[in-house]
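Listed below are the residues making up each chain.
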Amino acid sequence: MPLSEHEQRMLEQMERALYAEDPKFASALEGSGLRTYTRRRVYQAVAGFLVGIALLMAGVIAQYPWVSVVGFLVMLGCALLAVTGWRKAPKPGERPAAGPHPGRQARPKRSMMDRIEQRWQRRRDEQGR
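Residues numbered from 1 in each chain as written. Predicted model: local features only at pLDDT ≥ 70, side-chain atom pairs only at ≥ 80, totals over all residues. Heavy atoms only, no water.

Student: Please provide a residue-by-residue account of the overall build of the protein, values included.
Tutor: Of regular secondary structure, the protein possesses 5 helices and 0 strands. Counting helices and strands in the order they occur from the N terminus, the protein gives α-α-α-α-α. For the protein, with 129 residues in total, the buried portion stands at 15%. Of the roughly 11300 Å² of accessible surface on the protein, a fraction of 62% belongs to carbon and sulfur atoms. (Helix = DSSP H or I, 4+ residues; strand = E, 2+ residues; numbered from the N terminus. Buried < 20%, exposed > 50% of the residue type's maximum accessible area, 1.4 Å probe, protein only. Areas by Shrake-Rupley, 256 points an atom, 1.4 Å probe, with all protein chains shown as cover.)

Student: Quick rundown of a nonpolar patch on the surface? Include the residues and the values.
Tutor: On the surface, Val 46, Leu 50, Ile 53, Met 57 and Ile 61 cluster together into a nonpolar patch covering about 480 Å² of accessible area. Judged by relative accessible area, Leu 50 falls into the exposed class, the value being 53%. (Patch = residues over 30% accessible without salt bridge, like charges linked within 9 Å, V, L, I, M, F, W, Y side chains within 5 Å. Salt bridge = Lys/Arg side-chain N within 4 Å of Asp/Glu carboxyl O.)

Student: Explain a positive patch on the surface to me, and be specific about the residues and the numbers.
Tutor: There is a patch of like positive charges on the surface, built from Arg 115, Arg 119, Arg 122 and Arg 123. Along the chain, Arg 122 falls in helix α5 (residues 112-128). (Lys, Arg positive; Asp, Glu negative; His and termini not counted. Charge placed at Lys NZ, Arg CZ, Asp CG, Glu CD.)

Student: For unusual backbone geometry, give the residues involved together with the corresponding values.
Tutor: Even without glycine at this site, Gln 63 takes up a positive phi of about 60 degrees. Assignment of secondary structure puts Gln 63 in the loop between α3 (32-62) and α4 (65-88).

Student: Which residues make up the UniProt feature "transmembrane region" (unreviewed entry) in the protein, and what values go with them?
Tutor: Here, the residues flagged by UniProt with the feature "transmembrane region" (unreviewed entry) are residues 42-61 and 67-86. Annotation note: span residues 42-61, helix share 100%, strand share 0%, distance between end C-alpha atoms 29 Å. (UniProt positions renumbered as here; feature names shortened; annotations may be inferred.)

Student: Describe the packing of aromatic side chains, with residues and values.
Tutor: Throughout the structure, instances matching the rule amount to 1 aromatic pair. Relative to Trp 66, the ring of Tyr 64 lies with its centre 6.3 Å away and its plane at 50 degrees, an arrangement referred to as tilted. The exposure class of Trp 66 is exposed, given its relative accessible area of 59%. (Phe/Tyr/Trp six-rings, centres within 6.5 Å; stacked < 30°, edge-to-face > 60°.)

Student: A description of the confidence of the model for the protein should follow, citing residues and the corresponding values.
Tutor: Close inspection of predicted coordinates is inappropriate for parts of the model with low pLDDT. Looking at the protein as a whole, the pLDDT averages 78, with 71% of positions reaching at least 70. The least confident element of the protein, judged by mean pLDDT, is helix α2 (residues 23-29) at 69; the most confident is α4 at 87. Predicted confidence for residues 98-102 stays below pLDDT 50, and this span has 4 contacts to residues more than four positions away or in other chains. (pLDDT = per-residue confidence, 0-100. Contact = heavy atoms within 4.5 Å.)

Student: Got a sec to walk through the side chain of Ser 68? Specific residues and values, please.
Tutor: As for its position among the elements, Ser 68 is in helix α4. What makes Ser 68 buried here is its relative accessible area of 11%.

Structure representation (structure tokens):
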């Protein structure tokens, strides 16, 4: 549930006050929770991927194909988790996205066809000059 405008303004005022009072502490808190969570998730996915490799090899050595299949599925799932976790991780100096900024109006979502038609119209206008 998004915050109301009043709540967003209050939150921004509290953030500014925290930065003014203790900038070192505020910068230490900025985005670190999400960053450590995603980093931990990626590390867990890598460890799971290694477990999947071990299962795959154990299934081949013991000649149990179902263990190899399970190992492959574990590897696939962990690779997916690692890639999605890595993409969602904020950059070190970046603040995590918390929604639209209060001063900026959110752009309405347009369909793909609307965007294509707008590009086509722009190209026709540029060529017509």
